[in-house]
Amino acid sequence: MEFKVLAVGDVVAASGIAFLKSRLRGLKRKRGIDFCVVNGENAAGMGMTPQQAETILDAGADVITMGNHTWGRRDLVPYIEESRQVLRPANLPPQQPGRGWGVFETRFGDVAVIDLIGRVHMDYTPDNPFLAVEKILKKLETKLILVELHAEATSEKAAMGWMLDGRVSAVWGTHTHVQTADERILPNGTGYLTDLGMTGPRNSVIGVRSEQSVQRFRGDLTGRYEPAPGPCQLNGCIFTIDADSGLCTATERVMLHD
């Protein structure tokens, strides 16, 4: 049996949430999606509110993953402590609230989702994600395993894919907000994409007003980043997985826009 997973790239700002809400359920119906993972760490610009989490789930997400802006909104703390559907990176310090992986019931059986964060060129150095995922895999009994690595470096995300090839169903990256064109099935059957891209303002620099980003790189004095106005896009990837073996049989990038 074919199990279809849709992974959606970082949702940026209120306009990204609105676009997700307007398009996600229709996309899921059209493509026969069985399970959907959405990265929500930029829903509030930096972080996500409980209300935004509820909106993303109502829009059709089964699981929300986070990243380096997990604690950008501290009002998320009590929510993430209670919610099984919102994951923060598993390799953050263990005393931090929330959980980094979960097992979810579907009609195809249990599906595990693991959220990780990279260490190369990030703002801080969490535990080693390569060692952290090994510990988690030892605890899992299901063959259907999805891994997200929220990371800056392409090489770090690619290395994770190769290390887990044949051991998990799919590995994808988030964080850079630019969709990569390297969707593939690795030699031992794991679906892979270096970065899903983003869901948010299309005419922007990774979701931000382009003029602000230009000013920053010129060295000018700039104010707080603001989300760009105008049309939006939804980036992601569909992974078709054999439910019996847990291995990927097809990958397809998704890009919707106004």
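Computed from a prediction, not measured in an experiment: that's the story for all the values here.

**Student:** Talk me through the overall build of the chain; I want residue IDs and the actual numbers.
**Tutor:** Scanning the chain from N- to C-terminus turns up six helices and 14 strands. In terms of C-alpha radius of gyration, the chain reaches 17 Å, essentially the compact-globule figure of 18 Å for 258 residues. Along the first, second and third principal axes, the C-alpha set of the chain runs to 55 × 40 × 35 Å. By residue count, 54% of the 258 residues in the chain fall in the buried class. Carbon together with sulfur atoms contributes 49% to the accessible area of the chain, which is approximately 11,400 Å² in total.

**Student:** Can you explain the packing of helix 4 (residues 129-137) against helix 5 (residues 154-164)? Please cite residues and give values.
**Tutor:** Orientation of helix 4 relative to helix 5, taken along the N-to-C sense of each, is 30 degrees, at an axis distance of 11 Å. With respect to helix 5, the element helix 4 is oriented roughly parallel. The hand of the helix 4/helix 5 crossing is right-handed. Of the residues in helix 5, those in contact with P129, F130, V133, E134 and L137 of helix 4 are E156, A159, M160, M163 and L164. When its residues are assigned to classes, the contact of helix 4 with helix 5 shows eight nonpolar, no polar and two charged.

**Student:** Go over the sheet that holds strand 7 (residues 109-117) with me, naming the residues and quoting the values.
**Tutor:** The pairing of strands in a sheet comes from backbone hydrogen bonds and takes either a parallel or an antiparallel form. Spatially, six strands are ordered 6-7-8-9-11-10 in an open sheet, and the strand pairing comes out mixed. Each edge of the open sheet carries a strand with a single partner, namely strand 6 (101-106) and strand 10 (184-185). When strand 8 (residues 144-150) meets strand 9 (residues 170-174), the two strands line up parallel, connected through five bridges. Among the inter-strand pairings, E148 is bridged to a residue of strand 9, identified as W172. Against the sheet, helix 4 touches strand 6, strand 7 and strand 8, its axis set at about 160 degrees to strand 7. Against the sheet, helix 5 engages strand 7, strand 8, strand 9, strand 10 and strand 11 (191-193), with an angle of about 170 degrees to strand 9.

Conventions and cut-offs
- Residues numbered from 1 in each chain as written.
- Predicted model: local features only at pLDDT ≥ 70, side-chain atom pairs only at ≥ 80, totals over all residues.
- Heavy atoms only, no water.
- Helix = DSSP H or I, 4+ residues; strand = E, 2+ residues; numbered from the N terminus.
- Rg over C-alpha atoms; globule rule 2.2 N^0.38 Å.
- Buried < 20%, exposed > 50% of the residue type's maximum accessible area, 1.4 Å probe, protein only.
- Areas by Shrake-Rupley, 256 points an atom, 1.4 Å probe, with all protein chains shown as cover.
- Axes fitted to C-alpha atoms, helices over the stretch in contact; angles between N-to-C directions.
- Parallel < 35°, antiparallel > 145°, perpendicular 65-115°, else oblique.
- Left-handed = near helix turned anticlockwise from the far one by under 90°.
- Contact = heavy atoms within 4.5 Å.
- Nonpolar A, V, L, I, M, F, W, Y, C, P; charged D, E, K, R; others polar.
- Pairing = 2+ DSSP bridges.

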